[in-house]
Amino acid sequence: MAMEEGESSGIEEDATPGELYDPLIDDHDEKWATAQRQGRKSDAILSCPACFTTLCLDCQRHEIYVTQYRAMFVRNCRVCEDEFVEESRGDRRKSQRKRKREPLSSIATPAAAAPTLRRVRCAVCSVEVGAIDSDEVYHFFNALPSYS
């Protein structure tokens, strides 16, 4: 049933902004983020896919795998010292093919050949968001990017 002209919907619109409204908050947030980055440009701002907590303000996008990012400075991340990331089956098949073609003398021991990647989880909700390598570079493969 359509409303006739002059009828009220029963919902009053308040012309005054709410007490939580701040018209300058976006400008304030932008200044804070710029100060946190210390003038560096970032490919994205990364957030947890489950709770949307900010994980990283300064990261680089992977050149081949465009949904993956790497960073050195993170926040709200917890490194699981006793949990390690295993390589995917596709990577294992490729490495096995390469090993078949290489002479035995060029194959290093498995522990020395593969860098150790430890799991990284969101500190707020414990969702796995990526891994950290032996050079302390974070690799995010399960994070939501926001482009600024």
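Read on for an overview of the structure. Because the structure is a prediction, the values reported are computed rather than measured.

**Some words on the sheet that holds strand E3 (residues 60-61)**
In sheet architecture, strand pairing relies on hydrogen bonds along the backbone and comes in two forms, parallel and antiparallel. Pairing is antiparallel in the open sheet, where six strands are placed in the order E3-E4-E8-E7-E6-E5. Every other strand in the sheet has two partners, leaving E3 and strand E5 (77-84) as the edge strands with one partner each. Relative to strand E8 (residues 138-140), strand E7 (residues 128-132) is paired through three bridges, and the arrangement is antiparallel. Each bridged residue has a counterpart across the sheet, and for Ala131 the counterpart in E8 is His139.

**Digging into the sheet that holds strand E1 (residues 45-47)**
Within the open sheet, the three strands sit side by side as E2-E1-E9. Their pairing is antiparallel. A strand with exactly one partner marks an edge of an open sheet, and here the two such strands are strand E2 (54-56) and strand E9 (144-146). Direction aside, the axes of adjacent strands within the sheet are offset by 40° on average. In this sheet, E2 lies alongside E1 in antiparallel orientation, the contact comprising two bridges. Bridge pairing in E2 links Leu46 to Cys56.

**Focus: the packing of aromatic side chains**
The final tally for this structure, using the stated rule, is one aromatic pair. Consider the rings of Tyr138 and Phe140, whose centres lie 6.3 Å apart with planes at 15°: the pair is stacked. By the burial criterion, Tyr138 is buried, and Phe140 matches it.

**Here's the deal with the pattern of salt bridges**
The full count for this structure, using the stated rule, is four salt bridges. A salt bridge links Arg121 to Glu83; the shortest N-O distance between them is 3.0 Å. One end of the pair, Arg121, is in strand E6 (residues 118-122); the other, Glu83, is in strand E5, with 38 residues separating them in the sequence. Judged by relative accessible area, which is 19%, Arg121 ranks as buried. Residue classification places Glu83 among the partly exposed residues on the basis of a relative accessible area of 26%.

Rules used in this analysis
- Residues numbered from 1 in each chain as written.
- Predicted model: local features only at pLDDT ≥ 70, side-chain atom pairs only at ≥ 80, totals over all residues.
- Heavy atoms only, no water.
- Pairing = 2+ DSSP bridges.
- Helix = DSSP H or I, 4+ residues; strand = E, 2+ residues; numbered from the N terminus.
- Axes fitted to C-alpha atoms, helices over the stretch in contact; angles between N-to-C directions.
- Phe/Tyr/Trp six-rings, centres within 6.5 Å; stacked < 30°, edge-to-face > 60°.
- Buried < 20%, exposed > 50% of the residue type's maximum accessible area, 1.4 Å probe, protein only.
- Salt bridge = Lys/Arg side-chain N within 4 Å of Asp/Glu carboxyl O.

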